[in-house]
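If you want the building blocks of each chain, they are given just below.
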Amino acid sequence: MPTRATRSSTTSSVTDLDLKDPAQLNAGPVATGAHSALVSPVDIEARNVAKSFGSNPIFDNVSFRLARGEAVALVGANGAGKSTLLRCLMGLIPVTSGSVHLLGEETSAAKGAALRTLRAQVGLVSQKHNLVPRLSVLSNVVHGFLGQAPGFRHWSHMLAPTTSRSAAMQALEKVGLADFATRRADRLSGGQSQRVAIARAIVSGPKVLFADEPCASLDPSAGEDVMALFFRLVKDEGVTVVFTSHNIEHALRFGDRVLGLAHGKLQLDATAASLSHSDLRGLYD
Amino acid sequence: MTDLSPARLERPSAVSFLGYMLGLVIVFWCLAGAGFSLDKVISAPPRFADFASRAFPPNMDPHVLTRLGWKMVETLQIAVAGAVIGVILSVPVALFAARGLIAGPAVNQIVRTILGFIRAVPDIAWALVFVVAVGLGPFAGMLAIVIDTIGFCGRFFADDMEGTDKGPAESLTATGARKIDVVACATIPAAMPAFVSTGLYALEKAVRSSTILGLVGAGGIGIELKVGFDLFDYPTAMTVILMIAVVVIAIEQLSGWARTRIIGEQK
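Scoring rules and cut-offs
- Residue positions are given per chain, counting from 1 as you read along its sequence in written order.
- Think of it this way: whatever chain is written first is A, whatever ligand is written first is 1, and the rest follow in order.
- For a predicted model such as this one, the threshold for reporting local features is a pLDDT of at least 70, and the threshold for listing and counting side-chain atom pairs is 80 or more; totals across whole chains, interfaces and linings nevertheless cover every residue.
- Starting at the N terminus, helices and strands are each numbered in turn, a helix being any DSSP run of H or I of at least four residues and a strand any DSSP run of E of at least two.
- Note on contacts: residues are paired as contacts if their backbone-placed C-beta atoms lie within 7 Å.
- For the exposure call, what matters is how many other C-beta atoms sit within 10 Å of a residue's own: 20 or more marks it buried, 12 or fewer exposed, and in between partly exposed, using C-beta atoms placed from the backbone.
- Residues are grouped as follows: nonpolar covers Ala, Val, Leu, Ile, Met, Phe, Trp, Tyr, Cys and Pro; charged covers Asp, Glu, Lys and Arg; every other residue, Gly included, is treated as polar.
- A helix is expected to span 1.5 Å for every residue after the first.
- The arc in question is formed by the directions pointing from the helix axis toward the C-beta atoms.
- Any two strands with at least two DSSP-identified bridges between them are counted as paired.
- Between N-to-C directions, angles cover 0 to 180 degrees, with each direction set by a line fitted to C-alpha atoms, over the stretch in contact for helices.
- We call two directions roughly parallel when the angle between them is under 35 degrees, roughly antiparallel when it is over 145, roughly perpendicular when it lies between 65 and 115, and oblique otherwise.
- You can read pLDDT as the predictor saying how much it trusts each residue, on a scale of 0 to 100.
- The sense of a crossing depends on the near helix, which, turned anticlockwise from the far helix by less than a right angle, makes the crossing left-handed and, turned clockwise, makes it right-handed.

Re the overall build of chain B
Phase 1: Along the backbone of chain B there are 10 helices and zero strands.
Phase 2: Taking the principal axes of the C-alpha coordinates as reference, chain B spans close to 75 × 70 × 40 Å.
Phase 3: Counted over contacts in chain B with a minimum sequence separation of 6, partners at least 24 positions apart contribute 74%.

Right, here's the structure in full:
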């Protein structure tokens, strides 16, 4: 099972860097901060990000940089804005002020085809698996290619090119569900559905993966399995992972780094190795 | 012992009382406008009994049954063809009518207004329009069913798509899928059970409508009903009424069975 210890030997953080010029992003390796002596480009950067819904502020002045291959746990109490921040990072909802750079592009400035091209390098695993219930497991996984290869060929596994079908089957094999390829998605258990969602997220080889409480709707045992599987699949690929979780144990075990949101601010940004359970519990007070 | 329980009836406020009175006045006004007559209500049963005595037994002459049977087949052909084409055309129309899918609010509003206009015009009026446009016969009836089905299904398909779980669509959007791909892969499959249910109801509605379109020359068995009454051939008219009832009930049963089979499967 991959743990923080195994991951942190290969990843790094750039928390304490002070890049002023966006052009520097992804321009090449940058010096790393406290976590590691290794160098990595920055995949995600939030600069003074604020988000409010109408007159209801969610958070403000959130800034951080995430290096390639880093696994970052985003923690905080209910309503702290974890999921909202995740959606801002993906460009699914606009930020109120500040900017988000994803893979070197500013998501708030990208629109239309440019934004889709950016998103095509990203995967999402949600709290609820979000599979299309009446379609087969294989078709759901094939949908993971829609960003990179839009069009009707990826609407269903029956229409999909052979290469896509093969890749989807390989992804299903990785999550241990190749035998379920033709089964309807709504006939799977919660744990199986979440594994199919992981297969859909990784099938196109994304550079960044977002996971919004991926095991919140699962029982503890299935949740452990899903988290372990998720990180086993992404750790060797150098994929940057941002996941939200209420599970302190998961945040410390699977994250290289922990970001904590509380009272509308980023209250915590530290390596998982430097934190204890009690440090994180403070975020929930 | 003092009774502390609340009053059984609460005295309405003056405004409520006026509202009730106004409602009652409107109902009586409508009854007067509709020519409601208690005398006619009382005298109707004997007249209805007289009609029934002249209509029964229905005309079971084989030649008449064969002729009416073929007219009923034509009626069903009008209904099925019209409903199927109407349902198919309703899908793209509904995509433009549904809020937050592929079109902006202005387009949504325009398409919904057009669908509202289509629904506001009765199917028999559409049949009259198409008789003028394409001439007498079943084709005019089929076109009337098509347009009536689009008005009905276009609106409900749009509502069905708006009401689907947004989660799958968001997951596909997050991976860079185009709107049209998201709709095809997430929204339409999620709304499919509702589409099937609405489509089957549209078929039932089309069968009921197609039986009377013949009254205005738009094909189907309705013309036989009109001729039967015009010629005081009540036994034949009764045969037509019974055939319509049997076919409509059979279609409703079949539709209910299909609905359970198709939609029930997902549970």
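Quick notes on the overall build of chain A
Phase 1: Across its full length, chain A holds nine helices and 10 strands.
Phase 2: Looking at the 285 residues of chain A, the share that counts as buried comes to 51%.

Remarks on the interface of chain A and chain B
Note: interface size is frequently given as the accessible area lost on complex formation between the parts.
Phase 1: Between chain A and chain B, the residue contacts involve 24 residues of the former and 19 residues of the latter.
Phase 2: Every element with two or more residues in the side of chain A that touches chain B is listed here: α3 (112–119) and β6 (122–125) of chain A.
Phase 3: Classifying every residue of the side of chain A that touches chain B by side-chain character gives 12 nonpolar, seven polar and five charged.

Digging into helix α5 (residues 123–134) of chain B
Residues and elements named next belong to chain B.
Phase 1: Taking 1.5 Å per residue, 12 residues should reach 16 Å; α5 reaches 16 Å between its end C-alpha atoms and fits that length.
Phase 2: Among the residues making up α5, those that are buried are Asp 123, Trp 126, Ala 127, Phe 130 and Val 131. Around the axis of α5, the buried residues are gathered within 145° of arc, so they sit on the same side.
Phase 3: Where α5 is buried, its residues contact α6 (138–162) and α8 (179–213).
Phase 4: Two residues or fewer after α5 comes Gly 135, characterised by a positive phi angle close to 95°.

A word on the sheet that holds strand β10 (residues 265–271) of chain A
Hydrogen bonds between backbone groups are what pair the strands of a sheet, and the pairing can be parallel or antiparallel.
All names here are of chain A.
Phase 1: In space, the six strands of this open sheet follow the order β6-β7-β8-β3-β9-β10, with mixed pairing throughout. A single partner strand is all that each edge strand has here, and the edge strands are β6 and β10. Direction aside, neighbouring strands of the sheet carry axes that sit 15° apart on average.
Phase 2: With four bridges joining them, β6 and strand β7 (residues 208–212) adopt parallel strand pairing. Paired with Val 122 across the strands is Val 208, a residue of β7.

Thoughts on the sheet that holds strand β4 (residues 97–102) of chain A
Residue and element names in this part refer to chain A.
Phase 1: Strand order across the open sheet formed by four strands is β2-β1-β4-β5, with antiparallel pairing between neighbours. Across the chains shown, the open sheet's two edge strands, defined by having one partner strand only, are β2 (56–67) and β5 (105–106).
Phase 2: In this structure, strand β1 (residues 42–53) lies alongside β4, joined through five bridges in antiparallel fashion. The partner of Glu 45 across the bridge, within β4, is His 101.
Phase 3: With respect to the sheet, helix α2 (residues 82–90) is in contact with β1, β2 and β4, its orientation differing from that of β1 by roughly 125°.

Quick look at unusual backbone geometry
Phase 1: Phe 56 of chain B connects to Pro 57 of chain B through a cis peptide bond whose omega is -5°.
Phase 2: Mapped onto the elements, Pro 57 of chain B comes out in the loop between α2 (38–55) and α3 (62–97).
Phase 3: Unlike most non-glycine residues, Asn 61 of chain A shows phi in positive territory, near 55°.
Phase 4: Position of Asn 61 of chain A relative to the elements: it lies in strand β2.
Phase 5: What makes Asn 61 of chain A partly exposed here is the crowd of 14 C-beta atoms within 10 Å.
Phase 6: Here the phi dihedral of Asn 130 of chain A falls at roughly 60°; this positive angle occurs in a residue that is not glycine.
Phase 7: Mapping Asn 130 of chain A onto the fold places it in the loop between β6 and α4 (137–142).
Phase 8: Here Asn 130 of chain A falls in the buried class, since 26 other C-beta atoms lie within 10 Å of it.

Remarks on the pairing of β2 of chain A
Residues and elements named next belong to chain A.
Phase 1: Of the pairings in the sheet, the one linking β1 to β2 comprises eight bridges and is antiparallel in character. Bridging from a neighbouring strand, Glu 45 pairs with Arg 65 of β2.
Phase 2: The hairpin turn running from β1 into β2, its antiparallel successor, is two residues long, and Gly 54 in that turn takes a positive phi close to 65°.

Topic: the packing of α3 of chain B against helix α4 (residues 105–120) of chain B
All names here are of chain B.
Phase 1: In the contact formed by α3 and α4, the axes pass within 7 Å of each other and the chain directions differ by 130°. When the interaxial angle is binned, α3 and α4 end up oblique. Here Val 93, Phe 96 and Ala 97 of α3 come into contact with α4, specifically with Val 107, Asn 108, Val 111, Arg 112 and Leu 115.
Phase 2: Per-class residue counts for the contact of α3 with α4 are six nonpolar, one polar and one charged.

Examining the confidence of the model for chain A
Residue and element names in this part refer to chain A.
Phase 1: When pLDDT is averaged across chain A, the result is 80; 86% of the residues are at 70 or more.
Phase 2: At the level of individual helices and strands, chain A shows its lowest average pLDDT in helix α1 (residues 4–8), which scores 41, and its highest in α4, which scores 94.
Phase 3: Segment residues 1–38: pLDDT under 50, and 91 contacts once partners within four positions in sequence are set aside and those in other chains are kept.

Notes on the packing of α3 of chain B against α6 of chain B
All names here are of chain B.
Phase 1: The N-to-C vectors of α3 and α6 enclose an angle of 35°; their axes lie 6 Å apart at closest approach. The two elements α3 and α6 cross, and the hand of that crossing is right-handed.
Phase 2: Of the residues that constitute the contact of α3 with α6, the class distribution is 20 nonpolar, six polar and two charged.

Some words on the pairing of β10 of chain A
All names here are of chain A.
Phase 1: Strand direction decides the pairing type here: strand β9 (residues 257–262) and β10, joined by six bridges, are antiparallel. When the bridges of β10 are listed, Leu 259 appears paired with Asp 269.
Phase 2: Linking β9 to β10, which pair antiparallel, is a turn of two residues; within it His 263 sits at a positive phi near 50°.

Side note on the environment of Leu 200 of chain B
All names here are of chain B.
Phase 1: Considering the arrangement of structural elements, one finds Leu 200 in helix α8.
Phase 2: Along the chain, Leu 200 and Val 87 lie 113 residues apart, while their C-alpha atoms are 9.5 Å from each other.
Phase 3: For Leu 200, the residues in contact, after removing those within four places along its chain, are Ser 255, Ala 258 and Arg 259.

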